[in-house]
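Coordinate inspection notes
Below, each chain spelled out in residue letters.
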Amino acid sequence: MKLAALGFSLARPLLHALDAETAHGLTIRALSRLPMGHAPLANPALAVEAFGLGFPNPLGLAAGFDKNAEAPDAVLALGFGFTEIGTVTPKPQPGNPRPRLFRLPEDGAVINRMGFNNEGHSAALRRLAARQARGGIVGVNIGANRDSSDRIGDYVQGIAAFAHLASYFTVNISSPNTPGLRGLQSRAELEQLLARLNAERARQARKPPMLLKIAPDLREDELQDIASACAGGAVDGIIVSNTTLSREGLCSPHAQEQGGLSGRPLLPLSTRQLARMFVLTRGEVPLIGVGGVHDGASALLKIRAGASLVQLYSALVYQGPGLVTSILAYLSAEAARGGPLASQRGRDAEALAHQGSSGT
């Protein structure tokens with residue numbers, strides 16, 4: 001881990017001199033070629049039980065970083081408690097035209113309009129099968145091809161393809177970069193989607209937990225509809241949230257690029273929506289908080305807003321892998337000072353849901 005952090009500090013000027021997507025590709029290639037390491041010893045005080053899985057710590061790497069399952073073991077060796085590959089679609093697809101990934105260093109943010117670029121189910125399946133014996137929690141984020149005539153059918157194919165390998169599934173219906181995809185968040189379409197996915201899960205010998213990833217740009221009534229559709233075991237958890245279309249408060253010259261915004265500016269909105277979902281589900285559905293996490297305080301904010309687990313991605317672009325150690329050290333100190341993190345889950349949800357997050 002220390003070597004990875006040192007390597008990033010040395011390589012960062014070179015990486016940031018390149019366009020964002022080229023730099024990302026080089027990072028994935030380097031990680032995929034590292035010798036197989038072992039995750040550092042976890043602090044037992046940070047262990048989390050959620051949707052039937054035991055996580056060594058609550059910090060995970062969000063989907064989008066390792067789209068094709070090229071480096072899950074290297075990611076886990078950095079200290080993450082879990083990682084999520086994808087989004088993967090049944091057929092390979094190139095995604096949207098380049099350039100489609102932009103750094104906004106002035107705002108600590110990233111804008112992407114990737115469009116589910118990935119190598120398809122078969123490539124990810126081959127890699128996940130090859131590393132299956134190594135263990136660790138590796139979720140699979142599934143999506144639909146842009147040109148699909150049956151988008152719900154594409155998600156069903158994802159369940160069928162990865163049920164024997166995935167630690168859990170994330171059903172991604174909230175990317176803003178596939179036209180019409182967010183329409184699946186409407187109650188009628190969502191209920192139809194979840195019914196078909198659960199029917200497919202019932203046919204599988206192995207039934208990994210299934211999570212739903214939602215957008216941060218939802219109205220209160222839309223959040224209520226999603227909470228209702230997800231009740232009664234229709235899903236095992238909810239990830240709040242994906243990227244936003246909002247550009248409020250940005251100062252970067254790239255601020256008006258089309259696509260989804262992630263990073264620090266997303267923290268207040270995504271945390272408010274997380275707290276609202278915790279309140280709407282009465283804390284009965286495990287939630288993963290993602291959006292704007294960039295230090296220990298923002299990770300703890302997500303937990304106190306209602307998250308059982310936390311994910312990040314964009315902050316790594318600017319801070320590198322040393323961020324993982326820093327956040328876990330902060331959470332360990334907080335657990336020693338304020339009690340187990342599980343006891344702090346949702347402590348501030350009511351206030352954050354109604355007043356919004358102050359951010360950091």
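What this report covers is the structure whose coordinates are included nearby. (Residues numbered from 1 in each chain as written. Predicted model: local features only at pLDDT ≥ 70, side-chain atom pairs only at ≥ 80, totals over all residues. Heavy atoms only, no water.)

Glancing now at the overall build of the protein chain. Looking only at helices and strands, the protein chain has 13 helices and 13 strands in total. Taking 360 residues into account, the globule formula puts the C-alpha radius of gyration at 21 Å, and the protein chain, at 19 Å, falls close to it. Its C-alpha atoms put the protein chain at 50 × 45 × 45 Å along the principal axes. Out of the 360 residues belonging to the protein chain, those deemed buried represent 59%. If you take every contact in the protein chain between residues at least 6 apart in sequence, the share linking residues at least 24 apart comes to 74%. (Helix = DSSP H or I, 4+ residues; strand = E, 2+ residues; numbered from the N terminus. Rg over C-alpha atoms; globule rule 2.2 N^0.38 Å. Buried < 20%, exposed > 50% of the residue type's maximum accessible area, 1.4 Å probe, protein only. Contact = heavy atoms within 4.5 Å.)

Taking every second residue as pointing to the same face, both faces of strand β10 (residues 237–240) are buried, with G237 and I239 on one and I238 and V240 on the other. Here strand β9 (residues 210–214) runs beside β10; their pairing, made up of 4 bridges, is parallel. Counterpart to L211 in the pairing with β10 is G237. Regarding the hand of the β-α-β motif, the stretch spanning β9, helix α7 (residues 220–229) and β10 is right-handed. Where β10 and strand β12 (residues 287–290) come together, 3 bridges link them in parallel fashion. Bridge pairing links I239 to I288 in β12. (Pairing = 2+ DSSP bridges. Right-handed = clockwise from strand over helix to strand, strands pointing away.)

When we look at a pair of aromatic rings, we describe it by the centre distance and by the angle of the planes. Following the criterion strictly, the structure yields 5 aromatic pairs and no others. Where F65 meets Y313, the ring centres are 5.6 Å apart and the plane angle is 90°; that geometry is what we call edge-to-face. Of the two residues, F65 is situated in the loop between β3 (59–61) and α3 (72–77) and Y313 in the loop between β13 (309–312) and α10 (314–319); the sequence distance between them amounts to 248 residues. Counting every residue linked through ring pairs, the aromatic cluster contains F51, F55, F82 and Y168. (Phe/Tyr/Trp six-rings, centres within 6.5 Å; stacked < 30°, edge-to-face > 60°.)

Once that is clear, we can look at the sheet that holds strand β7 (residues 138–142). Consider a sheet: its strands pair through backbone hydrogen bonds, and that pairing is either parallel or antiparallel. Taken in spatial order, the 8 strands of this closed barrel run β3-β4-β7-β8-β9-β10-β12-β13, and their pairing is parallel. Ignoring strand direction, the axes of neighbouring strands in this sheet form an average angle of 25°. Helix-sheet contacts for helix α4 (residues 121–130) involve β4 (82–88) and β7, and the interaxial angle to β4 is about 155°. (Axes fitted to C-alpha atoms, helices over the stretch in contact; angles between N-to-C directions.)

Any functional reading would require information that these geometric values do not contain.
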